[in-house]
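Spelled out, the chains give:
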Number of protein chains: 2
Amino acid sequence: MINILKRNGLNKVHAKICSLAIINAELVGAPTHGLSRLKMYCDRIQKKVINPKPKIKIKKISQSITQIDANNSIGFVAADIGIKQAINNAKKTGVGLVGIKNSGHYGLSGYYAEQAVKNNLIVFCFTNAPPAIAPHGAKKSLFGTNPICFGTPVSNKIPFILDTSVSVINRGKIRVAARTGKKIPEGVALDKFGKPTTDAKKALAGVQLPIAGFRGSGLAWMVDILSGVITGGNHGGKVKDPFDDFSGPQNIGHLFITIKPNLFVGNYNQRIKENIKRIKKLPKIKGVKEILYPGQNKFNKYKKNLKKKINIPPNIVEDLKKLNA
Amino acid sequence: MINILKRNGLNKVHAKICSLAIINAELVGAPTHGLSRLKMYCDRIQKKVINPKPKIKIKKISQSITQIDANNSIGFVAADIGIKQAINNAKKTGVGLVGIKNSGHYGLSGYYAEQAVKNNLIVFCFTNAPPAIAPHGAKKSLFGTNPICFGTPVSNKIPFILDTSVSVINRGKIRVAARTGKKIPEGVALDKFGKPTTDAKKALAGVQLPIAGFRGSGLAWMVDILSGVITGGNHGGKVKDPFDDFSGPQNIGHLFITIKPNLFVGNYNQRIKENIKRIKKLPKIKGVKEILYPGQNKFNKYKKNLKKKINIPPNIVEDLKKLNA
């Protein structure tokens, strides 16, 4: 991967940052954000809509606040610089705020949250994405899957990281249902006429819905504002699909907020441990062995996958071979 | 109301702060957070679990960060002081963070968000609440309805305020369904054995579910950490029900985050206007006249209710008469 990215003009440091993020996505069980995207990133570099040699501008607005203009860098690099700034700012002042513009798809929000958590900080990561879900009341997609990502240290090696999209199920699952002729759950999608449907094919021609109706729609809207409107990034449905639209850079925005956990209490680690303990001790519904906190599942996959070979689909192996030829 | 609260030991300033918040809840169409709670607040003062004459400690940690120990004041007063601190901090430094402990139920989060928005700030308000919904996998309630509240100025007089609980429907609606023998939607509640139910009576004996399964459960958990664990407030199911449990103060925590909108862009007002315009222009599903942004609905109710008499149920009129007798 490092070789492939270097061939496409990235320097070694940037190539390594990207490769680590991509491999991490594979290890935590999110291959949609892993190797399957490498060809797309390279295509975008070749079409000059990702800048492999960006002049990234870092502007300190205060000890707590930093603005980054990523100059259309690959998202991983901009986000890596951004989260490190956010970490340093919070360590110095208790709270950090970093706004990034002119960036691109950065992979998993949780990957950056984890860096902050490993530095013993509480963190929010916001980013937006190309249109995928319809605002409440609309029959056309506009919001991205716009994840809400929150992390906190928990005084053990498995970080608490909530990294949840605001769509009910991902498009991949609807595609699988369409292929296998299965129905999709109620409340997940509308057909092209704006009517609720459980027919996967009709759903693919229509739009996906946010979680919980107007509540999820509001959360998606919030994320669009936080990542796009505030930062100077694209917003309101203007983020281009990285796979399909090479007419220009994505100009995605990211916003990172970091907070020292011990600002108001001396024993945060003990308190969060107690919090998790109380919740884990609750009586469970049938079939549930353990109540997991957000992040535990991904961590377990990561640990398991570290010990075995990563399974790469043949078409992606082909892509990698061609890219490295 | 001011008289009633003064009789219960509050000074005039505090009594007025509470009364304005309570009236606002009535006007925006949230009577569950309005006059119906006044007797409860007075009862808690009489039972000495709300302190009518609190010595509220305000500790400046930095120009951006303030800690407040509310000394078991009524929640409205602590939150009013807190949001004003958060507003001042962000105005001075671009970002404000205020953690409050030893507070109580403060009414609607949106009420405080609105104050920040009227001061041209972006804002998050977090608070937790007594157990009402079950964590994903559990068959016992622990999280409160734990609202996520986000606000932003939008360059017109109707603020964008998302103030959404993470439970699917509120308990009041389930109570009404139980009385009228109607079914509740799927995915809303579990019976006392932890099995999904659409029977309202069984749901009342069981638990309510968070929105969107593990996603909503994670969001509720996040809010519990942000409002309780960080601040020094109660958390992990330890917030007492204000109506039923007079064994001690609630010690609720609140966390306010405020951000100047023009930190990274010079034309935030224009950008958010454009954002909202694009979304409102989308094709609508049948029966939808206008795509509303969060807060519009409440504002419309507020405007309408301002011009007419507030409807107070007879039992609450009785309570008010007794409290004022």
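Residues numbered from 1 in each chain as written. Chains lettered and ligands numbered in written order. Predicted model: local features only at pLDDT ≥ 70, side-chain atom pairs only at ≥ 80, totals over all residues.

Trainee: If you had to explain the overall build of chain A to someone new, which residues and values would you point to?
Mentor: Counting its regular elements, chain A contains 11 helices and 10 strands. For 325 residues, the compact-globule formula gives about 20 Å, and the C-alpha radius of gyration of chain A, at 20 Å, lands near that figure. For chain A, the residues scored as buried account for 56% of the 325 residues in total. Considering only residue pairs separated by 6 or more positions, chain A has 61% of its internal contacts joining residues 24 or more positions apart. (Helix = DSSP H or I, 4+ residues; strand = E, 2+ residues; numbered from the N terminus. Rg over C-alpha atoms; globule rule 2.2 N^0.38 Å. Buried ≥ 20, exposed ≤ 12 C-beta atoms within 10 Å, placed from the backbone. Contact = placed C-beta atoms within 7 Å.)

Trainee: Go over the packing of helix α8 (residues 214-229) of chain A against helix α9 (residues 268-280) of chain B, please, and point to the residues and values.
Mentor: It is at 11 Å that the axes of α8(A) and α9(B) come closest, and there the two elements cross at 140 degrees. It follows from the interaxial angle that α8(A) and α9(B) lie oblique. Our pair here, α8(A) against α9(B), has a crossing hand that is right-handed. Across the interface between the two elements, Asp224(A), Ile225(A) and Val229(A) of α8(A) pack against Tyr268(B), Arg271(B), Ile272(B) and Asn275(B) of α9(B). (Axes fitted to C-alpha atoms, helices over the stretch in contact; angles between N-to-C directions. Parallel < 35°, antiparallel > 145°, perpendicular 65-115°, else oblique. Left-handed = near helix turned anticlockwise from the far one by under 90°.)

Trainee: Break down the relation of the copies chain B and chain A for me, with residues and values.
Mentor: Mapping chain B onto chain A calls for a rotation angle of 180 degrees and an axial translation of 0.0 Å; the resulting RMSD is 0.0 Å. The transformation relating the two chain copies, once decomposed into turn and shift, fits a two-fold axis. The position closest to the rotation axis in chain B is occupied by the C-alpha of Ala212(B), lying 3.2 Å away. (Least-squares fit on C-alpha atoms with pLDDT ≥ 70 in both.)

Trainee: Can you lay out the domain arrangement of chain A for me, pointing to particular residues and giving the numbers?
Mentor: All names here are of chain A. By domain assignment, chain A separates into domain 1 (54-167 + 210-259) and domain 2 (168-209). Each partner contributes residues to the interface: domain 1 has 9 residues there, and domain 2 has 9 residues. Looking at the side of domain 1 that touches domain 2 residue by residue, the class counts come to 5 nonpolar, 2 polar and 2 charged. (Domains from an automatic or database assignment. Nonpolar A, V, L, I, M, F, W, Y, C, P; charged D, E, K, R; others polar.)

Trainee: Any chance you could break down the interface of chain B and chain A for me, citing the residues and the numbers?
Mentor: Across the boundary between the two partners, chain B contributes 60 residues, which contact 60 residues of chain A. Of all elements in the fold, only β2 (65-69), β3 (95-103), β5 (148-152), β6 (160-164), α8 (214-229) and α9 of chain B reach the threshold of two or more residues within the side of chain B that touches chain A. The leading source of residues in the side of chain B that touches chain A is α8(B), at 8 residues. Residue classes in the side of chain B that touches chain A are distributed as 33 nonpolar, 18 polar and 9 charged.

Trainee: Hey, could you go over the nonpolar core for me, with residue numbers and the actual values?
Mentor: General note: in soluble globular proteins, nonpolar side chains tend to be found buried as a group. In terms of nonpolar packing, the biggest core is built from 196 residues, with Cys18(A), Val123(A), Phe256(A), Cys18(B), Val123(B) and Phe256(B) touching the most fellow members. For this core, the domains that each give at least three residues are domain 1 (54-167 + 210-259) and domain 2 (168-209) of chain A. Cys18(A) has contacts with Leu5(A), Ile74(A), Phe76(A) and Val77(A), leaving out every residue within four places of it along the chain. (Core = buried A, V, L, I, M, F, W, Y, C linked by C-beta atoms within 7 Å.)

Trainee: Could you give an account of the environment of Gln270(B), naming the residues involved and the relevant values?
Mentor: All names here are of chain B. Positionally, Gln270 belongs in helix α9. With 12 C-beta atoms packed within 10 Å, Gln270 lands in the exposed category. The sequence separation of Gln270 and Val154 amounts to 116 residues, and the corresponding C-alpha distance is 8.4 Å.

Trainee: Report on the pairing of strand β3 (residues 95-103) of chain A, specifying residues and quantitative values.
Mentor: All names here are of chain A. The buried fraction of β3 amounts to 9 of the 9 residues, a majority that puts the element mostly inside the structure. Note that strand β2 (residues 65-69) and β3 share 5 bridges and pair parallel. Counted as the bridge partner of Asp69 is Lys101 from β3. Regarding topology, helix α4 (residues 75-93) serves as the crossover connection from β2 to the parallel β3, and that connection is right-handed. (Pairing = 2+ DSSP bridges. Right-handed = clockwise from strand over helix to strand, strands pointing away.)

Trainee: Before we move on, can you summarise the sheet that holds strand β7 (residues 189-190) of chain B with the specific residues and values?
Mentor: Within a sheet, neighbouring strands are paired by backbone hydrogen bonds and run either parallel or antiparallel to one another. Residue and element names in this part refer to chain B. A sheet is described by the order of its strands in space; here 3 strands give the open sequence β8-β7-β9, paired in antiparallel fashion. Both outer strands of the open sheet, β8 (196-197) and β9 (207-208), are each paired with one neighbouring strand and no more. Sheet topology note: the β7/β9 ladder contains 2 bridges and is antiparallel. The residue bridging Leu190 from the neighbouring strand is Val207, located in β9.

Trainee: Describe the sheet that holds strand β4 (residues 122-127) of chain A, naming the residues involved and giving the relevant values.
Mentor: Residue and element names in this part refer to chain A. Overall, mixed pairing links the 7 strands, which are arranged β1-β2-β3-β10-β4-β5-β6 in an open sheet. At either end of the open sheet lies a strand with only one pairing partner, and these are β1 (57-60) and β6 (160-164). This sheet shows a mean twist of 10 degrees between the axes of neighbouring strands, independent of strand direction. Looking at chain direction, β4 and strand β5 (residues 148-152) are connected through 4 bridges and run antiparallel. If you follow Val123 over to β5, its bridge partner there is Gly151. Each of β4, β5, β6 and β10 (252-259) touches helix α5 (residues 109-118); the most contacted strand, β5, lies at about 20 degrees to it. Each of β4, β5 and β10 is contacted by α8, which is oriented at about 95 degrees to β10, the strand it contacts most.

Trainee: Now, about unusual backbone geometry: what can you tell me, with residues and values included?
Mentor: Excluding glycine, a negative phi dihedral is what most residues carry, and trans is how most peptide bonds are arranged. Residues and elements named next belong to chain A. Residue Asn71 is not a glycine yet carries a positive backbone phi of 55 degrees. For Asn71, the position within the fold is in the loop between β2 and α4. Residue Asn146 is not a glycine yet carries a positive backbone phi of 25 degrees. Within the element layout of this structure, Asn146 appears in the loop between β4 and β5. The buried category is assigned to Asn146, around which 27 C-beta atoms lie within 10 Å.

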